[in-house]
Amino acid sequence: MASLLEIRDLHMRFSLFEGLSHVLNGISLSIEKGERVAIVGESGCGKSVTVRAILGLLQQRNVAIEGSIRFHETELLGMAEREWRGIRGSRISMIFQDPMASLNPTFKVRDQLLKVIRRGGRAGSAREAYEIACAGLRRVAIVDPDRILAAYPFQLSGGLAQRVMITMALVNRPELVLADEPGSALDVTVQEQTLRLMHELTQDAGAAVLLITHNLGVVREFAQRVYVMYAGTIVEEADVETLFREPAHPYTRALLEAVPKLTGAGLPRPIEGMVPDYTAAPSGCRFHPRCAFAEDACSSAPPVVELGSGHRVACVLPAKGRVAVPT
Ligand code: SF4
């Protein structure tokens with residue numbers, strides 16, 4: 001049976017004044033129905049452009065995309081804008097990082113939410129759409145939906161605006177929710193509430209979630225499976241338990257060592273160096289300029305090694321039976 005979402009060998013190049021920026025370098029991933037999957041990596045690794053490509057939001061003249069993005073059996077790449085109307089916002093929806101930047105400040109919440117509901121085709125009348133909106137807001141623990149619907153976004157706190165965004169994303173009962181660092185632009189408590197609500201509501205609705213984050217703590221709490229992304233490539237994938245127990249890629253290990261420990265068990269170790277400039281990305285393993293284990297073979301594309309139970313890693317070390325143990 002086909003996956004809910006299947007991305008195969010996706011490449012993305014931006015034509016910039018500085019040259020050609022190869023931001024996605026052949027990524028492949030899949031999401032099954034009802035599954036919670038995370039993509040984790042530093043800022044600038046290509047996570048956000050991946051979700052924008054899934055939603056067809058990068059159809060610009062200076063962006064070239066190759067590969068395949070299939071939703072059920074439908075190829076999304078190259079789909080005409082009119083065909084997107086039955087998918088974007090209804091079958092696939094998105095929760096953005098900053099609700100204040102995503103909601104239109106010049107329209108009341110009611111106008112924006114009811115428009116989404118009408119597009120999803122769930123309401124036969126304006127009254128019905130209003131009732132669906134109120135029910136959706138109550139589900140995210142908003143006790144006075146009439147007041148919120150009559151407000152402009154700038155009259156809401158960050159936490160309330162985030163709940164409105166979650167309602168908009170879930171009100172049409174999508175099969176897949178894309179969540180790009182939800183709530184991370186707000187304080188930690190709001191981020192925690194956002195993730196908890198997303199978890200509960202998507203589980204109840206049987207929706208799958210693709211969560212984008214740089215926070216491994218969030219991955220552990222929220223996801224079932226995880227893809228580690230570095231410089232536009234997937235370097236490791238595994239179920240969450242396996243990834244935290246047996247990280248195999250030097251970059252994954254470096255990410256884990258960079259997390260502060262509340263137990264006081266040693267200071268976090270920042271990752272040396274920076275994500276490369278994509279107009280001059282390193283050949284072979286893109287992590288090799290920062291990797292303590294790099295060798296000559298790393299200047300060629302590393303093999304993808306299957307370690308069992310869906311745990312895959314793109315690195316020369318496991319291919320030789322070696323483990324990336326830090327010194
Ligand atoms: Fe390091 Fe080489 Fe593995 Fe890349 S392929 S992570 S450079 S050891």
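Anything mentioned here points back to the structure above.
Here's what I pulled together on the structure shown here. Just so you know, these numbers come straight off a predicted model, no measurement behind them.

## Things to note about the sheet that holds strand β12 (residues 311–314)
Move 1: Across the sheet, which stays open at both edges, the eight strands sit in the order β6-β7-β8-β3-β9-β10-β12-β11 with mixed pairing between neighbours. Edge positions in the sheet fall to β6 (92–95) and β11 (304–308), since each of these pairs with one other strand and no more. Taking each pair of neighbouring strands and ignoring which way they run, the sheet shows an average axis angle of 20°.
Move 2: Across four bridges, the pairing between β6 and strand β7 (residues 176–180) is parallel. Across the sheet, the residue bridging to Ser-93 is Val-177, located in β7.
Move 3: Here helix α11 (residues 250–257) sits on the sheet in contact with β9 (225–230) and β10 (233–239), set at roughly 100° to β9.

## Things to note about the packing of aromatic side chains
Move 1: For the structure shown, the criterion picks out four aromatic pairs.
Move 2: Ring geometry for Tyr-251 versus Phe-287: centroids 5.2 Å apart, planes at 65°, classification edge-to-face. Of this pair, Tyr-251 sits in helix α11 while Phe-287 sits in the loop between α11 and β11; the two residues are 36 residues apart in sequence, bridging distant segments of the chain. In this pair, the class of Tyr-251 matches that of Phe-287, namely buried.
Move 3: Three or more aromatic residues link up through ring pairs in this structure, and these residues are Tyr-230, Tyr-251 and Phe-287.
Move 4: Looking at Arg-36, its charged tip hangs above the ring of Phe-222, at a distance of 5.9 Å from the centre.

## A word on the pairing of β7
Move 1: When you tally the buried positions in β7, you get five out of five residues, the bulk of the element.
Move 2: As paired elements, β7 and strand β8 (residues 208–213) share five bridges and run parallel to each other. Bridge pairing in β8 links Asp-180 to Ile-212.

## Looking at the site of the ligand
Move 1: In the vicinity of the ligand, the residues found are His-249, Pro-250, Cys-285, His-288, Cys-291, Phe-293, Ala-294, Cys-298, Pro-302, Cys-315, Val-316 and Leu-317.
Move 2: Taken atom by atom, the bulk of the ligand overlaps the largest cavity.
Move 3: Considering only residue class, the shell around the ligand consists of 10 nonpolar, two polar and no charged.

## What about empty space enclosed by the protein?
Move 1: Taken as a whole, this structure holds two cavities of 30 Å³ or more when the rule is applied.
Move 2: In this structure, the largest cavity occupies an estimated 80 Å³ of space.
Move 3: Surrounding the largest cavity, 14 residues form its lining, Pro-250, Cys-285, Cys-291, Cys-298 and Cys-315 being those nearest its centre.
Move 4: The residue inventory of the lining of the largest cavity, partitioned by class, reads 12 nonpolar, two polar and no charged.
Move 5: Of the pockets and cavities examined, the second largest cavity occupies roughly 30 Å³.
Move 6: Around the second largest cavity, the lining residues are Glu-181, Pro-182, Gln-191, Leu-195, Leu-211, Ile-212, Thr-213 and Val-218.
Move 7: Mapped by element, the contributors of at least two residues to the lining of the second largest cavity are α8 (188–205) and β8.
Move 8: The element contributing the most residues to the lining of the second largest cavity is β8, with three residues.
Move 9: Among the residues making up the lining of the second largest cavity, the classes are represented as five nonpolar, two polar and one charged.

Rules behind the numbers
By convention here, each chain's residues receive numbers from 1 onward along its written sequence. Per-residue local features of the predicted model are confined to residues with pLDDT of at least 70, and side-chain atom pairs are confined, for both listing and counting, to 80 or more; whole-chain, interface and lining totals are unaffected and use all residues. Note that the side-chain values use all heavy atoms of the structure and ignore hydrogens as well as water. Paired strands, as defined in this entry, are two strands with at least two bridges between them according to DSSP. By definition, any uninterrupted DSSP run of H or I lasting at least four residues is a helix, any uninterrupted run of E lasting at least two residues is a strand, and each is numbered from the N terminus. Whenever a helix is involved, its axis is fitted only over the stretch in contact; in every case the axis is a line through C-alpha atoms, and angles between N-to-C directions fall within 0 to 180 degrees. Two residues form a contact once any of their heavy atoms are found within 4.5 Å. Stacked, tilted and edge-to-face pairs are distinguished by plane angle, under 30 degrees for stacked and over 60 for edge-to-face with tilted covering the rest, among Phe, Tyr and Trp rings (Trp via its six-membered ring) whose centres lie within 6.5 Å. Throughout this description, buried means an accessible area under 20% of the type-specific maximum (1.4 Å probe, protein chains only), exposed means over 50%, and partly exposed covers the range between. Sitting over a ring, as applied to charges here, requires NZ of Lys or CZ of Arg to be within 6 Å of the ring centre and within 35 degrees of the ring normal. Here a residue is considered near a molecule or strand provided that any single heavy atom belonging to it is located within 4 Å of it. Both site types are read off a 1 Å grid over the protein atoms alone. A 1.4 Å probe that fits but cannot get out defines a cavity, while an open set with protein on both sides within 12 Å along at least five of seven lines defines a pocket; lining residues have an atom within 4 Å of a point. Put plainly, a molecule is in a cavity or pocket when over half of its atoms are within 2 Å of the grid points there. Residues are grouped as follows: Ala, Val, Leu, Ile, Met, Phe, Trp, Tyr, Cys and Pro are nonpolar; Asp, Glu, Lys and Arg are charged; all remaining types, including Gly, are polar. Grid points are joined across faces, edges and corners, and a volume is the space filled by probe spheres set on the points.

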